[in-house]
Structure formats: C-alpha cells, structure tokens
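Residue-level structural notes
Residues per chain, in single letters:
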Amino acid sequence: MKILRADLPSAFWAAAVFFAAVWILDPIRDFPLQDDWAYFLSVKHLVDDASLRVLDYTSASLIFQSLWGAMFSMVLGLSHSTLRLSTLFLAFLAMFLMGEFFPDEPRKIHPILSPPFLLTANPLFFLLSFTFLTDVPHLALTLAALALGRRAEKTDRPVWWAACSAAASLAYLVRQIGVLIPVGLALHLLLRGKLTPKRGVLLLALPAATLAVHQYWFHFIHGSTLTFEIYRQATSAGLAEPLKLAWNLYFRSGAGVLYCALFSVPQLLALNADGFRAPSRGAALGAAGLLAPLLLGSEPLFNMGIIYPGGLGSPDISAMSAKAGGVLAAAWFRPALVAAAAAAIFGWLGRWPELKAAWKDEGVAVMRLPCLLQFAAMLPGAIYTDRYMLPIVPLAVVWGCQALRHSRAGGSASSLAALLAGAAMFAWSLAGTWDYLKWNDAKWAAGRAAVRLGIPAERIFNGLDWCGFHVYEANMRRLKAAKPLERIGYWEWLTSQRFDYAVSFSDSRTAGPEVLGVSYWTHLSRAPGRISVKRLAPGAVLP
C-alpha cells in the first residue's frame, strides 16, 4: 500500500522527532550514567586546573571528548547535565550526517525507513545519546570523516581530503579505533584504483602523526592507565587461546549480524511489500547451520549491556529483578527479539539480488571498510558489550535503505507493517531510556537523601557510577602509593572500600533494615517503582 511521505528531508524529519523525545525525557538531570563519572572527572580536571588527565579507570584515548566537554562547561557550567547536552549535540550531528549517504536522485524512501530515523530509533544510539560515554561522539566523528571522504572522492579537492583526515584524527582522540577510518578509506580507494600518492598522504599523514604524538604523550608523559594495561594484557592472553578466540569472534560477529538484522526489520518489511521471497535452499541451510550454535550457546543474545532483560541501560544495583519493566521485562520479550532477528536474516537472504546491488552503491561503498574494520578491531577484546556494535549500525541501515531503492517499487511503496515496525523500535528506545533515566534519578535521590541524614557517601554502595564518583580517585591514590600499578587489581579500588549501606530496588528478599525509600513513577508499570537504602549486616557481601 502507498503511504503519504513527508515533504521535509528525512534528516530534518528525524531530528524533529528526536528533539520532541529529548524534550519529553528532559536531559537536565545532574547525575552520571554508567561510566560517565570517569569522563566527568577528566573534564573537571581540565576545567579546574587545565590538566589533561585520563583516569586509571579509562582505556579510551578521550582527549577530544574531554576538550569537547570542557568547551560546553565553560559556557554552561560543569555538570552532568552539561556533558549530556554536549553528547546530544553530536547525536543531532550524526543524524544529519546520515543524510550524506543517500543517493543523489530525488529520495523516495519514507522518512520512517530512512537511515537518519532508523539510526535515531536504534536503542543503542538513542540511549547512549543521553550519556557522556564515548560511543556517540566517536560515531558522529566517524560519520563526519566518511561524509567528507565521500565528498573528497567526488571532487578530488585537497581541502576535502584534509578535512576528512582531520575528522578521523579527532575520532581517534575519542577512541583509538578511529585510526582505522582513514585506513579503511585508503583501502576503499585502492580497491577502486583511485589511491594515488598525493591522496594517500592527504588522507593518512595527519592521523599517523596524531597517533604517534598521542602514543608518546600517553606512555611517556601522562603514563599508561590501569585499565588500558589490564585490557591489553587480557586481550593478548585471549589471542593466545585459539579456541576461546574462535568462539569470541564467532559469537560477537554473529551477534552483530543479528542485531543489525533486527534493527533493519522495518526496511525488510517494506522490501517485502510486493511479496515475501524465500532464500535458496543452500543459503537457508548455510544460515541455519551458522546460526544454530549462536542461538543455542550459553551466552544469551540481547543481554549484553545496553539491552538486557528488564529494560535498557546498565543494571548496576541490587534486586534488579524487582524493578518494574513492563513489556521490556516480560519473559517473552527477549526470545521474541532473538526470533525476529533470526527471521530477518532469512528474509534478507531472500532479497540477495537487492542486497548485492546495494552493496556497490556509492553511499554504502564509502562506509564499508571503515565501519567493518572498527567493528572487527573490537571483536577479540577482553571486554565486549553490545554498544561496541554501534560502528556498524550506520552501514547496516544505509545498506538496507539502498536495497529498498533497488526493489521493484524503487522504494516508493511502504507497507503499513514496515512503518509500524519503525515506530515500534522508536517506542522501545523511548520507553527504555525514559525508564532508565527515571530509576537512576531515584537511585541518586536516595543516595543523596541518605547523605543528608549523616551517612557518608563513600559508605553507601549505590552502583558503579555513585561509587566511582565518590571513592575512585582517593582509593586509587592510596593503592598507587602502596604498590606498583601492575599489582593493582581492576576492581581493587571498589573491593577495598568499606560499605555500610546499599541502595537497591525494594524487595522483601533483600536483607537488611530499610533506612529510607524513594518512589518514582514509571510508565512501564501501573504501580510506582521504589528504591531503598538498607543497612548492610556486618560482613555482608556486596550486592
């Protein structure tokens, strides 16, 4: 069926929807989320005493991220809300940059099925836009580098090659994998017979110099961090275990394919508006053979960090099972996601001719190697979470958009089911992020109320963000004064801390008398949520 399309370009339409969501969610909330506290403290040092300092908890390069946060803080004042707004600014930039990978002819794709909207509606991108984590800033700079690289390839003007190189260098100064952006672009040009010495120098010289200067500063002036060294050593040890490495590469890459397939369901439904096409028997059997161990493995899919049973975000306090989660916490929800993702893979295999044609399109071609190289670089790492899949999400949605253009209807027809699927994905992201902000707000309110009663903040176990913000720097100074860095355990700063109280969701199974409680409203449940501060029994194990 035909659906009326908006007159505004898709990026503006998606930005308007996202702006409305930001207004509803209210990002002005002065508390960190997940690892925000560590990056906040780096910005604080930069603002307070002009020292560029990366905490031992951090393994990312973080240089540009700190400068970006400090710039916003100089105007709006340093706060967690300010840093959250700085990320939202880059999220809007990423959204508009997605429009640069559209075809040049008049666009026929419905805005809900366009790359800007499907990036916005993606639960990983949406939730991370409300944090000060490195994922969205790095993605925005990646897209900037790729958009500038595409323009440079078209015009062959040195200024665009230099701008592309500069954006890639800034991406590296957020996360080290950014150095693979110009490498991927250079390989892209090489495969197309367009890599000349001049283009190679313009593209690679500045990132190479940035890499060299940063590595010298980090290792010989600033000093390596505890997390970086532990991550490097653990990754090297993992690389020396072939079976473990093979499983990690298989599971993580397979999970990336399933995630991208799930997030492209709206485009797949639109593509099949003229009738479902089954894949060939060989393709179906091959896919089933590859998927079976992945789906039956011990590591559950869609329970890897941002997406977890119970909602979106990072479950980091006790009795999370008592949190109201509504549909997102239903027993059937995660299996339904896995089933939908697996079905989508078979659906896309049935549309192999459109996928094959779209893979060669200019917008997809420029993204392929830079995105895939960054994703591949994270696969063997000692730590892995679903947010590490974000670098391939733009490639997946642009590829799906271009495949839709190659369909018989040329992408001009969209089924109602496709539009409802796109709206449902956005609703999932909105509901999960809203819930995440609400209960974290209550968690911090409970901790602050306990402090007002005279309980020291450092004696309250209130999730990693609270503990890191209040005790990390002091405990690390004490540990580093007592022994060399290589003898300090990753969690020793936390396990060496004495806690007398713990914050948790209210649950009769949680031991200890309640000191105080904070109720909050969640749209995922008819009953209000409640978070408690409870006294720990002597010798109690941390939640």
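Residues numbered from 1 in each chain as written. Predicted model: local features only at pLDDT ≥ 70, side-chain atom pairs only at ≥ 80, totals over all residues. Heavy atoms only, no water.

The subject of this paragraph is the side chain of Arg252. The topology assignment puts Arg252 in helix α12 (residues 242–263). There is a polar contact of 2.5 Å between the side chain of Arg252 and the backbone oxygen of Leu379. For Arg252, the residues in contact, after removing those within four places along its chain, are Phe375, Met378, Leu379, Pro380, Gly381, Ala382, Ile383, Tyr384 and Met389. (Helix = DSSP H or I, 4+ residues; strand = E, 2+ residues; numbered from the N terminus. Polar contact = N/O pair within 3.5 Å; in protein donor to acceptor, adjacent residues only side chain to side chain. Contact = heavy atoms within 4.5 Å.)

Looking now at the packing of helix α7 (residues 135–155) against helix α17 (residues 362–378). The interhelical angle for the contact between α7 and α17, taken along N-to-C directions, is 135°, at an axis separation of 10 Å. Judged on the interaxial angle alone, α17 and α7 are oblique. Helix-helix and strand crossings are classified by hand; for α7 and α17 the assignment is right-handed. Listed contacts from α17 to His138, Thr142, Leu143, Leu146, Arg150, Glu153 and Lys154 of α7 are Glu362, Gly363, Val366, Met367, Pro370, Cys371 and Gln374. (Axes fitted to C-alpha atoms, helices over the stretch in contact; angles between N-to-C directions. Parallel < 35°, antiparallel > 145°, perpendicular 65-115°, else oblique. Left-handed = near helix turned anticlockwise from the far one by under 90°.)

At Ala50, a position not held by glycine, the phi torsion is positive, near 60°. With respect to the helices and strands, Ala50 occurs in the loop between α2 (36–49) and α3 (63–76). Using a relative accessible area of 64% as the deciding quantity, one classes Ala50 as exposed. (Buried < 20%, exposed > 50% of the residue type's maximum accessible area, 1.4 Å probe, protein only.)

A separate point is the confidence of the model for the protein chain. Here the protein chain averages 90 in pLDDT, and 94% of its residues register 70 or above. Across residues 1–7 the pLDDT falls below 50, and counting only partners more than four positions away or on other chains, this stretch makes 15 contacts in the model. (pLDDT = per-residue confidence, 0-100.)

Looking now at the sheet that holds strand β3 (residues 460–461). Two pairing modes exist for strands in a sheet, parallel and antiparallel, and in both the strands are linked by backbone hydrogen bonds. Overall, mixed pairing links the four strands, which are arranged β3-β4-β6-β5 in an open sheet. The open sheet has two free edges, formed respectively by β3 and β5 (514–520), since each of these has just one partner strand. Here helix α19 (residues 416–452) sits on the sheet and contacts β3, β4 (501–505), β5 and β6 (529–535); the angle it forms with β5, its principal contact strand, is near 145°. (Pairing = 2+ DSSP bridges.)

Now for α3. Helix length check: α3, at 14 residues, gives a terminal C-alpha distance of 20 Å against a target of 20 Å (1.5 Å per residue), a fit within 8%. Among all positions of α3, only Ile63, Phe64, Gln65, Ser66, Trp68, Gly69, Ala70, Phe72 and Ser73 are buried. Its buried side turned inward, α3 meets α2, α4 (80–98), α7, α8 (158–172) and α10 (197–222). Within two residues after α3, Gly77 carries a phi angle of roughly 90°, on the positive side. (Expected span 1.5 Å × (residues − 1).)

To continue, consider the packing of α19 against helix α20 (residues 463–482). Any two packed helices are characterised by the angle at which their axes cross and by the distance between the axes. The interhelical angle for the contact between α19 and α20, taken along N-to-C directions, is 45°, at an axis separation of 10 Å. Of the possible angle classes, the one that applies to α19 and α20 is oblique. In the packing of α19 onto α20, the handedness of the crossing is right-handed. Contacts from Asn440, Lys443, Trp444, Gly447, Arg448 and Val451 in α19 reach Gly463, Asp465, Trp466, Phe469 and His470 in α20. Of the residues in the contact of α19 with α20, the class split is four nonpolar, four polar and three charged. (Nonpolar A, V, L, I, M, F, W, Y, C, P; charged D, E, K, R; others polar.)

Further remarks concern the packing of aromatic side chains. The relative placement of two aromatic rings is captured by the distance of their centres and the angle of their planes. Evaluation of the coordinates by the stated rule reveals 38 aromatic pairs. Ring geometry for Phe18 versus Phe126: centroids 5.6 Å apart, planes at 85°, classification edge-to-face. Here Phe126 lies in helix α6 (residues 123–128) and Phe18 lies in helix α1 (residues 10–25), a separation of 108 residues in the sequence. Both residues of the pair, Phe18 and Phe126, count as buried. A ring pair is formed by Tyr57 and Tyr472, whose centres lie 5.8 Å apart and whose planes are at 80°; its orientation type is edge-to-face. Taken as a pair, Tyr57 in the loop between α2 and α3 and Tyr472 in helix α20 lie far apart in primary sequence, 415 residues in all. (Phe/Tyr/Trp six-rings, centres within 6.5 Å; stacked < 30°, edge-to-face > 60°.)

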